[in-house]
Amino acid sequence: MKLGIVGLPNVGKSTLFNSLTKAGAESANYPFCTIDPNVGVVPVPDPRLDQLAALYDSQKITPAVIEFVDIAGLVKGASKGEGLGNQFLANIREVDAIVHVVRCFEDPNVVHVDGSVNPLRDIETIDLELIFSDMEVLERRISKTAKSAMGNKALAGELAVLKALYAHLEGGKLARSYTPADEDELAFIQSLNLLTWKPVIFAANVGEDDLADDGASNSYVEQVRAFARENGSEVFVICAQIEQEIAELDDDEKKMFLEDLGLKESGLEKLIAASYRILGLISYLTAGEKETRAWTIRVGTKAPQAAGKIHSDFERGFIKAEVVNYQDLLDCGSYNAAKEKGLVRMEGKDYVVRDGDVVLFRFNV
């Protein structure tokens, strides 16, 4: 899973990025990987892995991972050359979802680029820059397709969709509010990698005092939540400054720190939960003496395709899947005990894998 982080300057975007990537790397003892200065790979915290690894005495634990891409703060007019942000937008064309950090705190010591705190105005500013960026992409694609569309029915159809999408964006609307005519048109639009087609998770960045009640008493947060409800987006409340402090702590200290603040989970955990919900993702597990591992799949994935996440041979030669729920397995104390109680099921090609399934695939190539 790959998430792109956007926002205006001075909203806490880079603070959040730095703290999330550092916290994630340390909490799971996973080697923090910096591909570029603005890219970080973070493991998905999953206590099920530690429990299964203890049961199997696994030599290695491999969590699912999220890749974060942080781009320079966007400003009004970025698409016309203002600021630095627009030149980095290409970096997030490949992401699965966009995390939009919105300032929801007052602080006279932190200057707002537009002079005052106004979340809805800030959201509109970023959305417009993303729209302009997508329009540029469509302009180039329309120009290229128009040259080849004469006498080609398929390309003529694509050209019509491109022009309809362009008109939609020109009206100030996001691509994801456009309704495709059929599955083929949907697949074509998805292939364009438009920024405003991607699902959005709003990170409402608040002061420490607003964390305990999850921003319920913060009018700025309520504005963001109302906007997100209308637009089918997710919201999570975070204090980037607190996340930065948490990032410096080990697991035990982190737990105590969160408890002192009246919090059950860190910002990273909130973000991951929101990401999985909006993208329709779950994790199934494999466990053994060599390795216990989490594999991320989409809700509704059938057993052969889930097996293909491990290796294409597993999908091609799929025979069956031995499946047990991870909690049932832990309660029984061993795989054999779960099998004796009839909790290990043999599933075929039509089985839809569920979150928390511990799976052993049988295949023959």
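Right above here is the structure, for reference.
What counts, and at which threshold
Residues numbered from 1 in each chain as written. Predicted model: local features only at pLDDT ≥ 70, side-chain atom pairs only at ≥ 80, totals over all residues. Heavy atoms only, no water. Helix = DSSP H or I, 4+ residues; strand = E, 2+ residues; numbered from the N terminus. Rg over C-alpha atoms; globule rule 2.2 N^0.38 Å. Buried < 20%, exposed > 50% of the residue type's maximum accessible area, 1.4 Å probe, protein only. Lys, Arg positive; Asp, Glu negative; His and termini not counted. Charge placed at Lys NZ, Arg CZ, Asp CG, Glu CD. Phe/Tyr/Trp six-rings, centres within 6.5 Å; stacked < 30°, edge-to-face > 60°. Lys NZ or Arg CZ within 6 Å of the ring centre and 35° of its normal. Salt bridge = Lys/Arg side-chain N within 4 Å of Asp/Glu carboxyl O. Pairing = 2+ DSSP bridges. Contact = heavy atoms within 4.5 Å. Axes fitted to C-alpha atoms, helices over the stretch in contact; angles between N-to-C directions. Parallel < 35°, antiparallel > 145°, perpendicular 65-115°, else oblique. Nonpolar A, V, L, I, M, F, W, Y, C, P; charged D, E, K, R; others polar. Arc of directions from axis to C-beta.

Draft legend 1. How the structure looks around the overall build of the protein. Within the protein one finds 13 helices and 13 strands. Radius of gyration (C-alpha) of the protein: 23 Å, near the 21 Å computed for a compact globule of 365 residues. With respect to the three principal axes, the spread of C-alpha positions in the protein is 65 × 65 × 35 Å. Across the 365 residues that make up the protein, the buried fraction comes to 49%. Across the protein, the centroid of the 39 positively charged side chains sits 8 Å from that of the 57 negatively charged ones.

Draft legend 2. Highlighting the packing of aromatic side chains. All chains considered together, the criterion is met by 5 aromatic pairs. A ring pair is formed by Tyr284 and Phe361, whose centres lie 5.9 Å apart and whose planes are at 90°; its orientation type is edge-to-face. Of the two residues, Tyr284 sits in strand β9 (residues 281–286) while Phe361 sits in strand β13 (residues 357–363), which places them 77 residues apart along the sequence. Just as Tyr284 is buried, Phe361 falls in that class too. Cluster of aromatic residues (ring-pair linked, three or more members): Tyr284, Trp295, Phe318 and Phe361. For the cation-ring pair, Arg48 lies above Tyr326, with the distance from its terminal atom to the ring centre recorded as 5.5 Å.

Draft legend 3. Representation of the pattern of salt bridges within the structure. Under the definition given, this model contains 16 salt bridges. A salt bridge links Glu67 to Lys2; the shortest N-O distance between them is 3.6 Å. Separated by 65 residues along the polypeptide, Glu67 in strand β5 (residues 65–70) and Lys2 in strand β1 (residues 2–6) bring together distant segments of the chain. Using a relative accessible area of 22% as the deciding quantity, one classes Glu67 as partly exposed. A relative accessible area of 24% places Lys2 in the partly exposed class. Of the charged contacts in the structure, one is a salt bridge between Asp355 and Arg48, with a shortest N-O distance of 3.2 Å. On the criterion of sequence distance, the pair formed by Asp355 in the loop between β12 (345–347) and β13 and Arg48 in helix α2 (residues 47–56) is long-range, its members being 307 residues apart. Accessibility expressed as a relative area gives 42% for Asp355, which makes it partly exposed. Through salt bridges with shared partners, one network takes in Asp46, Arg48 and Asp355.

Draft legend 4. A look at the pairing of strand β11 (residues 318–325). Relative to β13, β11 runs antiparallel, the two sharing 7 bridges. Residue Phe318 lies in a different strand from β13, and its bridge partner there is Phe363. Inspection of the sheet shows β11 paired to β12 by 3 bridges, in the antiparallel sense. Within β12, the residue paired with Ala321 across the bridge is Glu347.

Draft legend 5. Seen up close, the environment of Val110. Relative to the elements of secondary structure, Val110 occurs in the loop between β6 (97–103) and α3 (119–148). Linking Val110 and Asn10, residues 100 residues apart in sequence, is a C-alpha distance of 7.0 Å. If sequence neighbours within four positions are ignored, Val110 has contacts with Asn10, Arg103 and Phe105.

Draft legend 6. Representation of the packing of α3 against helix α6 (residues 219–231) in the model. Where α3 meets α6, the axes come as close as 9 Å, and the angle between the chain directions of the two elements is 45°. When the axes of α3 and α6 are compared, the pair comes out oblique. Taken together, the residues of α6 that come into contact with α3 (itself represented by Pro119, Leu120, Ile123 and Asp127) are Tyr220, Gln223, Val224 and Phe227. Residue classes in the contact of α3 with α6 are distributed as 6 nonpolar, 1 polar and 1 charged.

Draft legend 7. Structural context of α2. For α2, every residue scored as buried is listed here: Arg48, Leu49, Leu52 and Ala53. Looking straight down α2, one finds that the buried residues subtend no more than 130° of arc, so they occupy a single side. Opposite the buried face of α2, at more than 90 degrees from it, the exposed residues are Pro47 and Ala54. Close packing links the buried residues of α2 with β4 (60–62), β9, β10 (291–298), α12 (326–332) and β13.

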